[in-house]
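Residues per chain, in single letters:
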Amino acid sequence: MNETLVTDGFIMLGVSLGFVLLFRKLGLGATLGYLVAGALIGPDVMRLVDGAESKLSIADLGITLLLFLVGLELNLTRLWRLRRDIFGFGLAQVALCGVALAGVIHLAGFSWPAAFALGLPLALSSTAQVLPMLQSAGRLNTPFGERAFSVLLFQDLSIVPLITIIASLSRVPADPGAPPGWLLALYTVGAVVGLVLAGRYIFNPLFRLIGGLGERELFIAAGLFTVLSAAAVMQVLHLSTALGAFVAGVMLADSPYRHELETDVEPFRTVLLGLFFLAIGMRLDLHAIVARPMFVVGMAAAVVMVKAAIIFVLALLFGVERRPAVASGLLLSQGGEFGFVLFGQAAAAQLVDPQAASLFSAIVTLSMVSTPFLMQIATRFNRPKEEPKRDDLDGPETADQANAIVVGYGRFGQTIAQMMVGAGISVTIIDNDAEMIDVASQFGAKVYYGDGTRLDLLKQAGGHEARTIVFAMDKDQLSRDELELALKTFRQAAVYVRAYDRRALMRYRGLDTAAVIREVFESAVLMGRKVLKTLGVEDERIARIETAYRARDKERLRVQADKGVFSEEARTMFNFSKPLLDEDQ
């Protein structure tokens with residue numbers, strides 16, 4: 001094995017591990033830890049590792065895998081639901097912030113082509129920094145989190161047109177071997193269509209085959225092969241490899257193997273993205289930064305203030321309330337990791353010199369430093385309006401140990417809890433509706449106040465000793481990630497979940513729950529039986545119709561989970577013109 005490779009790997013992993021742990025402890029995030037570690041071991045400080053460019057070419061795979069994971073989160077149904085925020089809010093944010101920051105940079109003494117080549121990348125925010133923050137705070141699936149995700153998604157999608165804009169401004173003579181712009185556009189459309197078809201007819205059947213074999217190593221290899229093959233197709237066509245990976249993710253977003261793919265690809269994404277930031281830190285020209293420290297600090301402050309102000313105004317125009325609008329502006333005000341890529345493109349196009357690219361890379365880095373602090377401020381602005389503090393409401397930490405925990409004491413949870421109490425089983429009931437708790441107390445029921453989806457609160461309620469945990473909240477208040485975490489933490493408990501509809505049922509599919517019950521399904525079937533009885537259908541035939549309907553619905557649910565809610569097979573499984581039973585039945 002190459003001795004230099006081993007030594008470099010030892011130094012890079014060792015130093016980055018120390019700095020990432022330190023920065024995590026300080027609440028500044030792993031990204032900044034990698035950047036500082038890279039600057040420290042790079043050629044301008046300790047000179048421990050050389051060859052940042054070669055390492056960056058490998059680390060670019062981290063960006064590719066990041067876009068693949070973003071695509072996995074975006075099935076076509078969700079993409080359509082978020083279309084206004086993605087293509088409306090996102091487009092307006094990138095365009096207005098990019099133009100405004102280009103104007104600021106032009107006033108700082110740069111030519112207009114250079115200002116646009118530097119200003120447009122600064123319009124992008126850090127997907128790698130913001131999404132993990134929202135996820136760890138449990139806010140990714142809230143309206144606030146989805147709006148931020150939508151803007152970040154459009155920013156990621158805008159990489160291709162931004163690269164095209166920078167290429168059109170290039171001062172380097174055109175490559176005679178490169179295809180013209182109109183042909184690239186055709187290549188892009190053709191490649192996207194081809195990848196979608198490949199996902200449907202090649203990759204999905206491949207994953208079904210491998211899933212049947214139960215070989216985890218094959219599944220990991222197939223996941224990486226999917227990403228790399230999509231990226232390779234785009235590279236051959238002189239297109240963005242990140243776009244190819246994103247399309248590959250979207251085409252597998254409805255696959256039943258999506259969550260397993262996320263689990264398998266995530267470690268590679270984490271390591272390679274860390275290497276990417278490490279290589280960026282090594283490339284920073286610290287001498288140029290030290291020569292103009294006030295410019296770097298001032299421009300970083302300008303980036304944060306300009307973006308925060310524009311995003312705040314846009315959020316208001318898109319119907320967001322004032323406090324969440326302020327929070328959105330603060331959360332997305334930093335520069336992003338794709339800025340490093342685009343600054344390199346600008347330098348290669350001879351629009352800016354390498355020292356300027358390093359200066360603006362430092363500006364992005366400094367703006368990223370502000371994000372954890374701005375996130376704390378944003379959390380305060382976006383905190384939901386609290387009811388007046390009620391000192392008389394007990395939290396679940398005061399409850400005695402019980403055999404069962406019921407989260408949610410609405411019409412659904414009440415029935416379950418009262419049946420268990422009637423059987424002599426001890427129950428701890430949790431709800432976050434103070435008014436409902438008051439009403440329940442008038443009927444002699446003790447309900448503890450709190451958010452029962454929080455892991456720490458379930459632990460306080462005795463989750464580790466409970467034999468059963470029932471999530472009976474209304475609507476979609478329980479995400480798959482929250483449920484999965486509860487299942488892993490409280491392995492001794494049988495976990496039951498109330499599902500709002502069949503989409504929620506599919507979202508929880510594959511998890512080791514005791515049961516997931518659709519809230520209106522059984523009552524609707526019961527009413528259907530009574531209606532058939534009124535219409536003169538015999539009891540025996542009603543029973544056969546119910547059995548056939550349940551079997552058909554179960555099979556249709558499986559098809560929808562495997563092939564999509566609106567797949568052709570799912571839509572044709574229930575034919576309203578054909579009875580469930582044949583005439584002789």
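Residues numbered from 1 in each chain as written. Predicted model: local features only at pLDDT ≥ 70, side-chain atom pairs only at ≥ 80, totals over all residues. Heavy atoms only, no water.

## Looking at the overall build of the protein
- Across its full length, the protein holds 26 helices and 6 strands.
- Per-residue burial for the protein yields a buried fraction of 48% across its 585 residues.
- For the protein, long-range pairs separated by at least 24 residues make up 74% of all intrachain contacts whose partners lie at least 6 apart in sequence.
- About 29,400 Å² of surface is accessible on the protein, with carbon and sulfur atoms providing 61% of the total. (Helix = DSSP H or I, 4+ residues; strand = E, 2+ residues; numbered from the N terminus. Buried < 20%, exposed > 50% of the residue type's maximum accessible area, 1.4 Å probe, protein only. Contact = heavy atoms within 4.5 Å. Areas by Shrake-Rupley, 256 points an atom, 1.4 Å probe, with all protein chains shown as cover.)

## Here's the deal with unusual backbone geometry
- The backbone of Gln350 sits at a positive phi, close to 60°, despite the residue not being glycine.
- Structurally, Gln350 can be placed in the loop between helix 17 (337-348) and helix 18 (354-381).

## Here's the deal with the packing of helix 15 (residues 293-317) against helix 16 (residues 322-331)
- Their axes nearest at 8 Å, the elements helix 15 and helix 16 cross at an angle of 145°. Every pair of crossing elements has a handedness; the one defined by helix 15 and helix 16 is right-handed. Contacts from Ala308, Ile311, Phe312, Ala315 and Leu316 in helix 15 reach Arg322, Ala325, Val326, Ser328, Gly329 and Leu330 in helix 16.
- In terms of residue class, the contact of helix 15 with helix 16 is made up of 8 nonpolar, 2 polar and 1 charged. (Axes fitted to C-alpha atoms, helices over the stretch in contact; angles between N-to-C directions. Left-handed = near helix turned anticlockwise from the far one by under 90°. Nonpolar A, V, L, I, M, F, W, Y, C, P; charged D, E, K, R; others polar.)

## Quick notes on the nonpolar core
- Counting 93 residues, the largest nonpolar core has Ile105, Phe110, Leu122, Phe277, Phe360 and Ile363 as the members making the most contacts within it.
- Per-element accounting of this core gives the leading share, 11 residues, to helix 18.
- Residues in contact with Ile363, not counting those within four places in the same chain, are Phe295, Val296, Met299, Ala300 and Val303.
- Leu457, Val497, Ala499 and Leu557 belong to the second largest nonpolar core, which has 26 residues in total. (Core = buried A, V, L, I, M, F, W, Y, C linked by side-chain atoms within 4.5 Å.)

## Some thoughts on helix 17
- With 12 residues, helix 17 should reach 16 Å at 1.5 Å per residue; the first-to-last C-alpha distance of 18 Å fits that figure.
- Buried residues of helix 17: Glu337, Phe338, Gly339, Phe340, Leu342, Phe343 and Ala346, and no others.
- One or two positions beyond helix 17, positive phi appears at Gln350, with a value near 60°. (Expected span 1.5 Å × (residues − 1).)

## Thoughts on the pairing of strand 4 (residues 468-471)
- The two faces of strand 4 match: Thr468 and Val470 on one face and Ile469 and Phe471 on the other face are all buried.
- Summarising the sheet, strand 1 (residues 404-407) and strand 4 pair through 4 bridges and their orientation is parallel. Within strand 4, the position partnered with Val406 by the bridge is Val470.
- When strand 4 meets strand 5 (residues 494-499), the two strands line up parallel, connected through 4 bridges. Opposite Thr468, over in strand 5, you have Ala494 as the bridge partner. (Pairing = 2+ DSSP bridges.)

## Observations regarding a nonpolar patch on the surface
- Taken together, the side chains of Val189, Val193, Leu197, Tyr201 and Ile202 define a hydrophobic patch exposed on the protein surface, amounting to about 520 Å² of accessible area.
- Counting through the fold element by element, Ile202 comes out in helix 10 (residues 181-213).
- Since its relative accessible area comes to 52%, Ile202 is described here as exposed. (Patch = residues over 30% accessible without salt bridge, like charges linked within 9 Å, V, L, I, M, F, W, Y side chains within 5 Å. Salt bridge = Lys/Arg side-chain N within 4 Å of Asp/Glu carboxyl O.)

## Digging into the confidence of the model for the protein
- Confidence in the prediction of the protein, expressed as mean pLDDT, is 79, and 83% of residues score 70 or more.
- Looking at the elements of the protein, mean pLDDT is at its lowest for helix 26 (residues 568-573), recorded as 64, and at its highest for strand 4, recorded as 93.
- Throughout residues 385-389 the model reports pLDDT below 50, and contacts reaching past four residues in sequence, or to other chains, amount to 1 contact. (pLDDT = per-residue confidence, 0-100.)

## A look at the pattern of salt bridges
- A full pass over the atoms with the stated rule returns 9 salt bridges.
- For Arg498, the salt bridge goes to Glu519, with nearest N and O atoms at 2.7 Å. With Arg498 in strand 5 and Glu519 in the loop between strand 6 (515-518) and helix 24 (521-534), this pair connects stretches of sequence that are 21 residues apart.
- Between Asp553 and Arg518 there is a salt bridge; the shortest N-O distance is 2.4 Å. Here the residue Asp553 occupies a position in helix 25 (residues 539-563), and Arg518 occupies one in strand 6, the gap between them amounting to 35 residues. Summarising the burial analysis for this pair, Asp553 and Arg518 share the class buried.
- Salt bridges linked by common partners bring Arg411, Asp474, Arg498 and Glu519 together as one network.

## Regarding the environment of Pro121
- Positionally, Pro121 belongs in helix 6 (residues 112-122).
- Judged by relative accessible area, which is 1%, Pro121 ranks as buried.
- Sequence separation of Pro121 and Phe340 is 219 residues, and the distance between their C-alpha atoms is 8.3 Å.
- Setting aside residues up to four positions removed in sequence, Pro121 forms contacts with Phe116, Gly339, Leu342 and Phe343.

## Focus on the side chain of Ser358
- Looking at where Ser358 falls in the secondary structure, it is placed in helix 18.
- Discounting residues that sit within four places of it in the chain, Ser358 has contacts with Arg283, Leu284, Asp285 and Ile289.

## Details of the sheet that holds strand 1
- Strand order in this open sheet of 6 strands is 3-2-1-4-5-6, and the pairing throughout is parallel. In the strand order of this sheet, the two ends are held by strand 3 (447-449) and strand 6, each with one partner. Along the sheet, successive strands turn relative to each other by an average axial angle of 20°, direction set aside.
- Examined bridge by bridge, strand 1 and strand 2 (residues 427-431) share 4 bridges and lie parallel to one another. Pairing of Ile405 across the sheet is with Thr428, part of strand 2.

## Examining the environment of Leu206
- Following the sequence through the fold, Leu206 ends up in helix 10.
- Overall, Leu206 belongs to the partly exposed group, its relative accessible area being 26%.

## Some words on the pairing of strand 2
- Counting buried positions over the 5 residues of strand 2 gives 5, a clear majority of the element.
- Note that the unit made of strand 1, helix 19 (residues 411-422) and strand 2 has a crossover that is right-handed.
- In the sheet, strand 2 pairs with strand 3 via 3 bridges, with the strands oriented parallel. Bridging from a neighbouring strand, Asp431 pairs with Tyr449 of strand 3.
- Running through helix 20 (residues 434-442), the crossover from strand 2 to the neighbouring parallel element strand 3 is right-handed. (Right-handed = clockwise from strand over helix to strand, strands pointing away.)

## Section: the packing of aromatic side chains
- For the structure on display, the rule yields 9 aromatic pairs.
- Between Phe19 and Phe23 the ring centres are 6.4 Å apart and the planes differ by 45°, which places this aromatic pair in the tilted class. You can see Phe19 and its partner Phe23 sitting in helix 1 (residues 3-25), 4 residues apart, about one turn around the helix.
- By relative accessible area, which is 21% here, Phe19 ends up partly exposed.
- Between Phe110 and Phe360 the ring centres are 5.7 Å apart and the planes differ by 80°, which places this aromatic pair in the edge-to-face class. Remark: Phe360 occurs in helix 18 and Phe110 occurs in the loop between helix 5 (83-107) and helix 6; sequence separation between them is 250 residues. (Phe/Tyr/Trp six-rings, centres within 6.5 Å; stacked < 30°, edge-to-face > 60°.)

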